[in-house]
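In case you want the letters, here they are:
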Amino acid sequence: MDAGTEELRHAHDVLSEWYAKNLTGVLESMPVERAMLDLFAEMTSAAGTDVADVGCGTGRLLPYLAGRGLKPRGVDLSPGMIEVARRENPGFSYEVADVRELPFADASLAGVVCWFSLIYLAPDARARAFAELARVVQPGGCLIAAFKHGTGTLHRNGPSSALGVDFDRYWLSPREMEDRFATAGFAMVFQGHTPPGDGGPPYGYMLVRRSG
């Protein structure tokens, strides 16, 4: 494991209990995010119900996805996050895994959720990660990604610094996201974003369908 990946894993191990305390229930107050997940669930159900949340963190999205008729499982780079997910959101399958090497067979999933989990990919890791996502999604299946708009610039010294950890983050441009999905074999279905707020970047959302 390279140093950047090790740093990211360790940081999220440290942050896992903070996430459990502070993110539980926040989806209820975020109608845009619920609408995006609802659209994903409706579009995905035409291909099947087996889906994965890649970068699932504490597993907070899995009950919501299950409530929309899907059969979700979660993977995360951080063993600490997976431990918390099993405790806080039981009843689902969870595994520790890297987005660049997912524990799923080829074309075995009807859909994938990447909810702010692609923002940690360094430039030299992105092609492999997007190709791996394409490998596991069946033709006609869907992927939805949430991310932060930007120019691809590296960010550090975020809020987690107050908790004694830091890690690389990249606010990616919609053009790069679209191009990488297209290169990997996905076709655009929908994209949108929220306005900037509180000095932070807009949140972007992309729903893509696996070609083939």
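As a starting point, this report considers the structure included with it. (Residues numbered from 1 in each chain as written. Predicted model: local features only at pLDDT ≥ 70, side-chain atom pairs only at ≥ 80, totals over all residues. Heavy atoms only, no water.)

Ordered by their spatial adjacency, seven strands build an open sheet running 3-2-1-4-5-9-8, and the pairing between neighbours is mixed. Lying at the two open borders of the sheet, with one neighbouring strand each, are strand 3 (94-96) and strand 8 (186-193). Pairs of neighbouring strands in the sheet enclose a mean axial angle of 15 degrees, with direction left out of account. Summarising the sheet, strand 8 and strand 9 (residues 203-210) pair through seven bridges and their orientation is antiparallel. Within strand 9, the position partnered with Met188 by the bridge is Val208. Against the sheet, helix 5 (residues 123-136) engages strand 1 (50-54), strand 4 (109-115), strand 5 (137-148), strand 8 and strand 9, with an angle of about 140 degrees to strand 5. (Pairing = 2+ DSSP bridges. Helix = DSSP H or I, 4+ residues; strand = E, 2+ residues; numbered from the N terminus. Axes fitted to C-alpha atoms, helices over the stretch in contact; angles between N-to-C directions. Contact = heavy atoms within 4.5 Å.)

Glancing now at unusual backbone geometry. Most peptide bonds are trans, and most residues other than glycine sit at a negative phi. Phi is positive for Ala107, close to 50 degrees, though the residue is something other than glycine. Following the sequence through the fold, Ala107 ends up in the loop between strand 3 and strand 4. Its identity is not glycine, yet Phe116 carries a phi of approximately 60 degrees, on the positive side. Inspection of the secondary structure assignment puts Phe116 in the loop between strand 4 and helix 5. A residue is classified by how much of its surface remains accessible, and Phe116, at 14% relative accessible area, is buried. (Buried < 20%, exposed > 50% of the residue type's maximum accessible area, 1.4 Å probe, protein only.)

On to the pattern of salt bridges, then. Once the charged atoms of two side chains with opposite charge are near each other, the side chains can pair. Scanning all chains against the criterion turns up 15 salt bridges. The salt bridge partner of Arg156 is Asp168, with a shortest N-O separation of 2.5 Å. You can see Arg156 sitting in the loop between strand 6 (154-155) and strand 7 (169-170) and its partner Asp168 sitting in the loop between strand 6 and strand 7, a full twelve residues away along the chain. Exposure remark for Asp168: the relative accessible area of 25% places this residue in the partly exposed category. (Salt bridge = Lys/Arg side-chain N within 4 Å of Asp/Glu carboxyl O.)

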